[in-house]
Amino acid sequence: MVQRQEASYPLQVVVIGAGIAGTLAARALAERSMDVAVIEPDLPREGQDPARRGALYVKPAVEYSPETRFAHQAFLHAAEYYSWLQSQHPGSGFWYQTGTLQVAWNEREAERQEKLIARNDYSPDFLQPVSRDTASQLAGIDVPGGGLWFPRGGHLFHSGMRRAALDHPRIRTVQAKVTGRPVKSQTTGNWQVPIDTDAALETRHIVVAAGASTADWFPQLPLGRIRGQITRINAVEPALRATISGAGYALPPLDGAQSIGATFDRDCQDPQVRDESHRLNLQTLNDWFPTLGSRFHSTDIKDGWVGFRSTTPDHMPITGVCDGLHLIAGLGGKGLAYAPILAQEVAHSICGQPSILDPDLGNRVSPKRFL
Ligand SMILES: Cc1cc2nc3c(=O)[nH]c(=O)nc-3n(C[C@H](O)[C@H](O)[C@H](O)COP(=O)(O)OP(=O)(O)OC[C@H]3O[C@@H](n4cnc5c(N)ncnc54)[C@H](O)[C@@H]3O)c2cc1C
């Protein structure tokens, strides 16, 4: 752990939420010599939370659409960033760069991938088309078809990554919940951030990165909220070697368990792990990846994790300034790929540096597109 610096008052930046987006934004700001306070009721604990692992993956469209252009750039940035972050915190061990295979699990997906390869000229460090044999070798078990191989993909533990990001002398954490919308003082120009454990914090800049809860403070933005559940289950042999995505995803075993997921439960708001969602994860895996799915039984389920995705109608994230507050929201099911580049973007904006996204992508992620 690093030595914290004493915080000066008012704070330079308060980040609300220590999820992937908030911790990476805090780190990006700290790397630019800003003092940052991160407010979070559920700070990442020591050790890895085994049930909360996620895949670094994107799903490029056939056409090189703006969403795909963003995903391409974000994915490469994320893979490099996680490797860098882990190298800065050698004991953290959160990142497994196994490569990600997007498997052509049915005819439709195989045709889609064929068109995508015919119409684009991706460099092999982003993606490579692979035959079924090669895909099976990369995966370590028989897969239902060929696919797209992303050699820089992988999977990571959320808690370890978040802790590594926060481990910087310019970052301090405040275990608290923000209880209302921050208010700007007309006299000082500073923001007041109300929290449940102490007096309001005063700060010059605020980054709101509260995941699905961000919608509560920005009713003018069309942010949605979709429940999801991951299932952690006893590992089977032969072991999966790569991160696999298809109609869902399957992660390689670690400590005798592997994770599969995740459900998209549009009509359910239950924050508890549900047996029904575990069953759905097993059933879905069996449909798209039967050589793996058929070897799992519900009696082998260890545990799971439930969360809520923050979504937008155009599937692009939201990053920019809204009502004077800096925002990172709407990361949907691609937070691991999208958060690192958006965190840099927010830090550049607060520090007065030029945007790292080109003007078109900058506009496409801006909250202004909805206002
Ligand atoms: C089941 C499931 C599986 C997923 N799998 C993947 C995957 O494999 N790969 C992938 O890329 N993405 C995946 N996602 C999506 C990914 O988890 C999100 O995109 C990502 O977590 C978004 O990051 P975030 O930091 O914006 O939000 P979050 O991770 O939700 O973090 C927001 C943080 O803000 C805090 N907060 C909220 N309200 C307040 C408040 N009032 N005061 C202070 N703090 C507050 C919360 O406690 C939380 O820690 C999955 C999502 C789910 C639900």
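Residues numbered from 1 in each chain as written. Predicted model: local features only at pLDDT ≥ 70, side-chain atom pairs only at ≥ 80, totals over all residues. Heavy atoms only, no water.

With an unreviewed UniProt entry as reference, the chain is termed tRNA 5-methylaminomethyl-2-thiouridine biosynthesis bifunctional protein, source organism Halospina denitrificans.

## Notes on the pattern of salt bridges
Once their charged atoms are close, side chains differing in charge can pair, the charge on each being opposite to the other. Note the cut-off: Any carboxyl oxygen of Asp or Glu that lies within 4 Å of a side-chain nitrogen of Lys or Arg is treated as forming a salt bridge with it. Each residue gets one of three labels from its accessible area relative to the maximum for its type: buried under 20%, exposed over 50%, partly exposed in between, using a 1.4 Å probe on protein chains only.
One pass over the full model with this rule turns up 16 salt bridges. With a shortest N-O distance of 2.7 Å, Glu31 and Arg27 are connected by a salt bridge. Overall, Arg27 belongs to the buried group, its relative accessible area being 4%. Within this structure, Arg69, Asp358, Asp360 and Arg364 form a network of salt bridges that share partners.

## Topic: the packing of aromatic side chains
Given two aromatic rings, their pairing is described by the distance between the two centres and the angle made by the two planes. Here is the rule we go by: Two aromatic rings from Phe, Tyr or Trp, using only the six-membered ring of Trp, form a pair when their centres are within 6.5 Å; if the ring planes differ by under 30 degrees the pair is stacked, by over 60 it is edge-to-face, and anything between is tilted. In our convention, an over-ring charge means Lys NZ or Arg CZ found within 6 Å of a ring centre and within 35 degrees of that ring's normal.
Summed over the entire model, instances satisfying the criterion amount to eleven aromatic pairs. An angle of 55 degrees between the planes, with centres 5.2 Å apart, marks the rings of Tyr122 and Phe126 as tilted. Take Tyr122: its relative accessible area is 13%, and that puts it in the buried class. A relative accessible area of 1% means that Phe126 is categorised as buried. In textbook terms, an aromatic cluster arises when at least three aromatic residues are bridged by ring pairs, as seen for Tyr64, Phe75, Tyr122, Phe126 and Phe150. One residue, Arg181, lies across the ring of Phe218, its end atom 5.1 Å from the ring centre. The lysine or arginine in question, Arg309, covers the ring of Phe264, its NZ or CZ lying 3.7 Å from the ring centre.

## So, the sheet that holds strand S4 (residues 95–96)
Here is the rule: Two strands pair if DSSP finds at least two bridges between them. A run of H or I in DSSP becomes a helix once it reaches four residues, and a run of E becomes a strand once it reaches two; helices and strands are each numbered from the N terminus. Any two residues whose heavy atoms approach within 4.5 Å are treated as being in contact. For helices, the fitted axis covers only the stretch in contact; all axes are lines through C-alpha atoms, and the angles between them, taken along N-to-C directions, range from 0 to 180 degrees.
The antiparallel open sheet is built from three strands, whose spatial order is S3-S8-S4. Each edge of the open sheet is held by one strand with a lone partner, namely strand S3 (53–56) and S4. As paired elements, S4 and strand S8 (residues 154–157) share two bridges and run antiparallel to each other. By the bridge assignment, Trp95 is partnered in S8 with Leu156. Each of S3 and S8 is contacted by helix H5 (residues 158–166), which is oriented at about 70 degrees to S8, the strand it contacts most.

## So, the sheet that holds strand S6 (residues 128–130)
The strand order S6-S7-S5-S14-S15-S16-S13-S17 describes an open sheet built from eight strands, whose pairing is mixed. Across the chains shown, the open sheet's two edge strands, defined by having one partner strand only, are S6 and strand S17 (301–311). For S6 and strand S7 (residues 147–150), the ladder comprises three bridges, and the chain directions are antiparallel. Considered in S7, the bridge of Val130 is made with Gly147.

## Considering the UniProt feature "domain: FAD dependent oxidoreductase" (unreviewed entry) in the chain
Put simply, the rule is: UniProt positions are given in the numbering used here, feature names are shortened, and annotations may be inferred rather than shown by experiment.
Sites flagged by UniProt as "domain: FAD dependent oxidoreductase" (unreviewed entry) map to residues 13–348. As annotated, residues 13–348 has a helix share of 29% and a strand share of 26%, and its two end C-alpha atoms lie 13 Å apart.

## Side note on the domain arrangement of the chain
Heads up, the rule is: Residue ranges for the domains originate in an automatic or database domain assignment. Accessible area that two parts lose when put together, evaluated with a 1.4 Å probe and summed over both, is termed the buried area. N or O atoms closer than or at 3.5 Å make up a polar contact, with two conditions inside protein: a donor-capable atom paired with an acceptor-capable one, and, for residues adjacent in sequence, both atoms drawn from side chains. When residues are sorted by character, Ala, Val, Leu, Ile, Met, Phe, Trp, Tyr, Cys and Pro go into the nonpolar class, Asp, Glu, Lys and Arg into the charged class, and all the rest, Gly among them, into the polar class.
Domain boundaries assigned for the chain yield domain 1 (1–98 + 153–223 + 313–371) and domain 2 (100–151 + 224–311). At the junction of the two partners, domain 1 supplies 35 residues and domain 2 supplies 38 residues. The contact between domain 1 and domain 2 buries some 3,000 Å² in all, and 59% of this surface belongs to carbon and sulfur atoms. Per-residue buried area on domain 1 facing domain 2 is highest for Arg53, Val62 and Thr98; these three make up 22% of the total on that side. Among the ionic pairs, Glu63 bridges to Arg119, the shortest N-O distance being 2.2 Å. Our count for the contact surface shared by domain 1 and domain 2 stands at twelve residue pairs in polar contact (both at pLDDT 80 or more). Those elements that place two or more of their residues in the side of domain 1 that touches domain 2 are S3, helix H2 (66–88) and S8. Residues belonging to the side of domain 1 that touches domain 2 are distributed by class as follows: 19 nonpolar, twelve polar and four charged.

## Concerning the site of the ligand
In plain terms, the rule: Throughout, the term near means that a residue has one or more heavy atoms lying within 4 Å of the molecule or strand in question. Accessible surface is estimated by sampling points in the Shrake-Rupley manner with a 1.4 Å probe; for residues, cover comes only from the protein chains shown.
As a matter of local geometry, the ligand sits amid 34 residues, with Glu40, Ala55, Tyr249, Gly332 and Leu336 nearest to it. In the environment of the ligand, an oxygen atom lies 2.9 Å from a nitrogen or oxygen atom belonging to the backbone of Ala21. In the environment of the ligand, an oxygen atom lies 2.8 Å from a nitrogen or oxygen atom belonging to the backbone of Ala55. Considering the ligand on its own, with 1,000 Å² of exposed area, one finds that the protein chains cover 89% of that surface. Every element with two or more residues in the shell around the ligand is listed here: helix H1 (20–30), S3, strand S13 (224–234), S17 and helix H8 (335–350). Partitioning the shell around the ligand into residue classes produces 18 nonpolar, eleven polar and five charged.

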